[in-house]
Amino acid sequence: MTRFKKVQLKRQLNPGGDSIIPKVLLIICVGALLAFGQAAAAATVAPNETANTTTPIMENTTENLTNEHATAVVSAEGSGFVARNAAGEIIESGSEAASVIQSAVDDVSAGGVVTIQQGTYTIKSSINVKKSITLRGEGMPTFKSGTESYLIECKGTLLKSERPGEDVSANSTSVSVEDASGLEVGDLILIFDETQWNPWDAGWYQRMKTGELQRVERVDGNEIGFNDPLLHGYSLSMNAEVQYIRPITVSIEGIEIQGGSNTAMYSGIDMRYTIDSSIKGCHIENCGLRSTHIMDCYETTISECTIEKSEKTGYGYGVDVHSSSAYTRIVNNTIDRCRHCVTIVAHPGSSIGVPRETYVEDNFLSGSIGHTIDAHPCAESWYIYNNEITHNDGTKYLVNNAAKYCEVKGNTFHDGYGCRKRQDIRDITFIIENNTFDNVKDCADTTDRGTVKCFEFSGNECNNCQNFMVKSTIAEDVTITGNTYNGKENGEVIFVKNAESGSIEGNVIEGLIKNRINVQGSVNVLVEGNSGTEDPVSDASASNLSASE
C-alpha cells in the first residue's frame, strides 16, 4: 500500500480529519477502564496466530469508577502547570512540568487514567510509571525534551529469581521451581541459562544467553504453567534460572514527543517488564538515540504513530524491540528518517534472552543512514507484512535479516537494495513471498556467512531491477517460483550455488532467458518451466554446473 493510499484510508476511517481523542474522552470513565488491557491482546494477529486475550488483573477496577483517584488531569495554565484529581482538587501545581505530571501519575490508582491537556510541557526529568495506568493526551499535547533521558519510563518489578527443580526440556509448557511463592497468574517469568544463543557469530552477539519470556497461566504448588512451548531446553548444569516479574499494563495515547536532536542522545518512550501495553496515536520526533524502546515486554502494540528523525550514528532506532520481548506488534505507523525504522536486538551486557514473535504490518517505513529494518543475529522470529518500505537515498538494504525465522509477505519495496540475510546465523528460514519490488538494486541476497535451512522466493514482482533478482550460495533448500523480472537487460538474474534440494520454476524474465539462470553444484534442484519474454520457446536454457566447474 502506498503512502498516499494509507492517508486516503485514514481519511475514510475519520472523514473529518480531526483527532479522535476528544471523542474517546466522552466514554473514558466507563468504556476505557472496563476494557483496559484487552485492546493490546486483541490487536492485529498474523495469519495462523491466535491472540492471547487473557485480561490482566487490575486493582480495584470497579471501585475506581467512583474513586477520586481514578483519574487525574494535567493542564498548562499561565506560566505553570496544574494536576487535579477526579474531584477537581489540586494534586500539585508548579513551574516544573515533569514534577506535576509525576504527581498525577503517582496519585491515580492502578487502572486509572492521567489526561494531559493540550499545551507544551518541557520535561526536564523522566516521568516514571510503575503501575498499570493510561497516559492520554487531549488535543495532542507536546512533551519537549529538557533531558537526554527517556521522557516516559514504564517499568514493572523484577521480584526474584529461583532455580528450576530439574532440567527443562524444549517444547515444555511448565517448569518446576524450588519456591513459587509470590508468583501469580498474569505475572511473567523469564527462564534462561548460560547457553550461548548464537555461538557462531565472531563479534558482539555470540555472548547472548538463551532465554524466553512467558506469561504465567497457572501456579500449582511449585509448578508454573504457560501457553507457549519453550523453543529451547534449560539445564541446571548451565545454571538455569527463572526470574519472577510483576508486570504493569500501560497505554500511552495521543502525545507528541519532541526530542532535542535527531543525532544526539535523546530518547522518547521506554517500556520494560510490561504486559498487554500500547503506544497509540503519538508523534515522536528528534529522539536521536531511540524513539521507542521495548525491553523484556510481553504483548506490546505500537500503532497509528508518526515516528521520525532518530539518526544517531550507531543507534538511531524508531522502534527498538529488545532482549526477551515477545509478541511486539508494530502496526499502521509512519516511521521516517530513522537509521533503522525498526530493529530487533539484544545486549549481552544488560539483557537476557532474545526477541521473538515481532510483527511489522501495514506501515510506511523510510530509512536513512542504515538499513530500513534490521534484525541483529540475536532474534528468534519476525513477520513483515503489507508495508511500504523504502530508503531516503537508496543505498542500504530495506530488510536486513538475521532472525532464525523471517517471513516477508505482501510488501512494496522501492529505492534501495531488497532483502538480505546478514552475519553468521545458522539454520534460518527466510520466506519472501508476494511482494512488489520497484526500482531496487536487487531483490534477495543470501550469500553472507552462516547457513539457511529453507529459502523461498515466490510470487514476487520485480520491476526495473538494476541487478539480480535472487542470489543464494548458503541455502540448503531453495524454492524460486512464479516470479516476474524486468530491468537489467543481460547477465544473471537467478544464481544458486551448493543447494541440496529445491526448485526454480515458472519464472518469467524480460528478454531472452539464455544465460539468465545459473545453478552450480545443485544437481537436485529442479529447473524447468521458466521463460523469457522474447524466447522462441518457453523452456529455460540454464546452466547446471558443479561448484568446481
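What you see is a predicted model; the values in this text were computed from it and never measured.

Colleague: Even after reading the chapter, I still don't get the overall build of the protein, so can you show me in this structure?
Modeller: Secondary structure summary: the protein contains six helices and 51 strands in total. Going through the 549 residues of the protein one by one, you find that 56% of them count as buried.

Colleague: Just to check I follow, could you spell out unusual backbone geometry for this structure?
Modeller: With glycine set apart, most residues show a phi of negative sign, and most peptide bonds adopt trans. Backbone geometry at Lys309 places phi at a positive 65°, although glycine is not the residue there. Relative to the assigned elements, Lys309 resides in strand E24 (residues 306–310). Accessibility expressed as a relative area gives 23% for Lys309, which makes it partly exposed. The backbone of Tyr327 shows a phi angle near 60°, a positive value even though the residue is not glycine. One can find Tyr327 in strand E26 (residues 326–331).

Colleague: Explain the sheet that holds strand E14 (residues 218–220) to me, please; I cannot follow it from the model alone.
Modeller: Sheets are built from strands that pair by backbone hydrogen bonding, the pairs being arranged parallel or antiparallel. Taken together, three strands build an open sheet; the order of strands is E11-E15-E14 and the sheet is antiparallel. Looking at strand neighbours, the two that pair on one side only are strand E11 (174–176) and E14, the edges of this open sheet. The sheet shows a mean angle of 15° between the axes of neighbouring strands, direction not considered. Pairing analysis gives three bridges linking E11 to strand E15 (residues 223–225), with the strands arranged antiparallel. Directly across from Ser176, in E15, lies its bridge partner Glu223.

Colleague: Can you help me understand the sheet that holds strand E12 (residues 188–196) in this one?
Modeller: Read from one edge to the other, the open sheet built from four strands follows the order E10-E16-E12-E13, with strand pairing classed as antiparallel. On the outer flanks of this sheet lie strand E10 (157–162) and strand E13 (209–215), each paired with one strand and no other. Within this sheet the neighbouring strands show an average axis-to-axis angle of 25°, counted without direction. Across five bridges, the pairing between E10 and strand E16 (residues 241–246) is antiparallel.

Colleague: Explanation requested: the nonpolar core in the structure shown.
Modeller: When a protein is soluble and globular, its nonpolar side chains tend to lie buried together. Val114, Phe143, Ile252, Trp382, Phe455 and Phe457 are the most contacted members of the largest nonpolar core, which totals 99 residues. Among the elements that make up this core, the one with the highest residue count is helix H6 (residues 97–107) (six residues).

Colleague: Can you walk me through the side chain of Ser261 in this structure?
Modeller: With respect to the element layout, Ser261 can be found in strand E18 (residues 256–261). Assessed through its relative accessible area of 18%, Ser261 is described here as buried. A polar contact is formed between the side chain of Ser261 and the backbone nitrogen of Thr263, at a distance of 3.1 Å.

Colleague: In this structure, what is going on with the confidence of the model for the protein? I would like to understand it.
Modeller: Averaged over all residues, the pLDDT of the protein equals 87, while 84% of them reach at least 70. Segment residues 1–66: pLDDT under 50, and 94 contacts once partners within four positions in sequence are set aside and those in other chains are kept. Note that pLDDT drops below 50 for residues 543–549; the model gives that stretch 16 contacts with residues more than four away or on any other chain.

Colleague: What exactly am I supposed to notice about the environment of Glu162 here?
Modeller: Here Glu162 is to be found in strand E10. Owing to a relative accessible area of 15%, Glu162 belongs among the buried residues under this scheme. Separated by 79 residues in the primary sequence, Glu162 and Glu241 place their C-alpha atoms 5.7 Å from one another.

Colleague: Please clarify how the pattern of salt bridges should be interpreted in this entry.
Modeller: Side-chain pairing between opposite charges can occur once the charged atoms of the two side chains come close. Tallying each qualifying case throughout the model produces 22 salt bridges. Residues Glu299 and Arg329 are paired through a salt bridge, measuring 3.3 Å at the closest nitrogen-oxygen approach. One end of the pair, Glu299, is in strand E23 (residues 298–303); the other, Arg329, is in strand E26, with 30 residues separating them in the sequence. Residue Arg329 is classed as buried on the basis of its relative accessible area, which comes to 2%. When the shortest N-O distance is used, the salt bridge between Asp374 and Arg422 registers 2.9 Å. One end of the pair, Asp374, is in strand E31 (residues 373–375); the other, Arg422, is in the loop between strand E36 (412–421) and strand E37 (428–433), with 48 residues separating them in the sequence. An identical accessibility class is assigned to Asp374 and Arg422; each is buried. Through salt bridges with shared partners, one network takes in Lys160, Glu162 and Asp179.

Colleague: In this structure, what is going on with the packing of aromatic side chains? I would like to understand it.
Modeller: Two numbers describe a pair of aromatic rings. These are the distance of the centres and the angle of the planes. On inspection of all chains with the given rule, the structure shows eleven aromatic pairs. Between Tyr121 and Phe143, the ring centres sit 6.0 Å apart and the planes meet at 65°, which makes this aromatic pair edge-to-face. Placement of Tyr121 in strand E5 (residues 120–123) and of Phe143 in strand E8 (residues 142–145) is noted, with a sequence separation of 22 residues between them. Residues Tyr121 and Phe143 agree in their burial class; the two are buried. The ring of Trp197 is capped by Lys404, whose NZ or CZ atom sits 5.1 Å from the centre of that ring.

Colleague: Explain H6 to me, please; I cannot follow it from the model alone.
Modeller: Note on helix geometry: an α-helix contains 3.6 residues per turn, so any two residues three or four positions apart are oriented the same way. With eight of eleven residues buried, H6 is to be regarded as a mostly interior element. Regarding H6, the residues found buried are Ala97, Ala98, Val100, Ile101, Gln102, Ser103, Ala104 and Val105.

Colleague: Sorry if this is basic, but what is going on with the environment of Gly482 here?
Modeller: Inspection of the secondary structure assignment puts Gly482 in the loop between strand E43 (475–481) and strand E44 (484–487). For Gly482 and Gly529, which are 47 residues apart along the polypeptide, the C-alpha to C-alpha distance reads 9.7 Å. Ignoring any residue separated from it by four or fewer positions in sequence, one finds Gly482 in contact with Gly459, Asn460, Glu505, Gly506 and Asn507.

Colleague: Is there a simple way to think about the pairing of E37 in this case?
Modeller: Strand residues, when the strand is regular, have side chains that alternate between the two faces of the sheet. With five of six residues buried, E37 lies mostly within the body of the structure. As paired elements, strand E35 (residues 403–409) and E37 share five bridges and run parallel to each other. Bridged to Lys409 within E37 is Glu433. In this structure, E37 lies alongside strand E40 (residues 452–458), joined through six bridges in parallel fashion. Among the inter-strand pairings, Glu433 is bridged to a residue of E40, identified as Ser458.

Colleague: Before we go on, may I ask you to explain the pairing of strand E17 (residues 250–253) in this structure?
Modeller: Alternating residues of E17 divide into Val250 and Ile252 and Ser251 and Glu253, and every residue in both groups is buried. Alignment of strand E7 (residues 133–138) against E17, held across four bridges, turns out to be parallel. Bridge pairing in E17 places Arg136 opposite Glu253. Taken together, the three bridges between E17 and strand E20 (residues 275–280) define a ladder with parallel strand orientation. Counterpart to Ser251 in the pairing with E20 is Ser278.

How each quantity is defined
Numbers given to residues run from 1 along each chain, matching the order in which its sequence is written. In keeping with the model being predicted, local features are shown solely for residues with a pLDDT of at least 70 and side-chain atom pairs are shown and tallied solely at 80 or more, while totals for entire chains, interfaces and linings include all residues. Computation of side-chain values: all heavy atoms of the structure, hydrogens and water removed. The way it works is that DSSP assigns letters per residue, a run of H or I at least four long becomes a helix, a run of E at least two long becomes a strand, and they are numbered from the N terminus. Buried means the residue's accessible area, taken with a 1.4 Å probe over protein chains only, is under 20% of the maximum for its type, while exposed means over 50%, and partly exposed covers the values in between. One requirement defines pairing of two strands: DSSP has to find at least two bridges between them. For every element, the axis is a line fit to its C-alpha atoms; helices are fit only across the contacting stretch, and the angle between N-to-C directions ranges from 0 to 180 degrees. Nine residue types can take part in a nonpolar core, namely buried Ala, Val, Leu, Ile, Met, Phe, Trp, Tyr and Cys, and a core is a set of them joined through side-chain atoms within 4.5 Å. Contacts described as polar in this section are N or O atom pairs within 3.5 Å, which, within protein, must combine one atom able to donate a hydrogen with one able to accept it, while residues neighboring in sequence count only if both atoms come from side chains. Every residue gets a pLDDT, meaning the predictor's confidence in that residue, from 0 to 100. Residue contacts are defined here by distance: any two heavy atoms, one from each residue, within 4.5 Å place the two residues in contact. For this document, the term salt bridge refers to a Lys or Arg side-chain nitrogen within 4 Å of an Asp or Glu carboxyl oxygen. The rule is short: rings of Phe, Tyr and Trp, with Trp giving its six-membered ring, pair when the centres are within 6.5 Å, and they are stacked under 30 degrees, edge-to-face over 60, tilted in between. Look at NZ for Lys and CZ for Arg. If either is within 6 Å of the ring centre and within 35 degrees of the ring normal, a charge sits over the ring.

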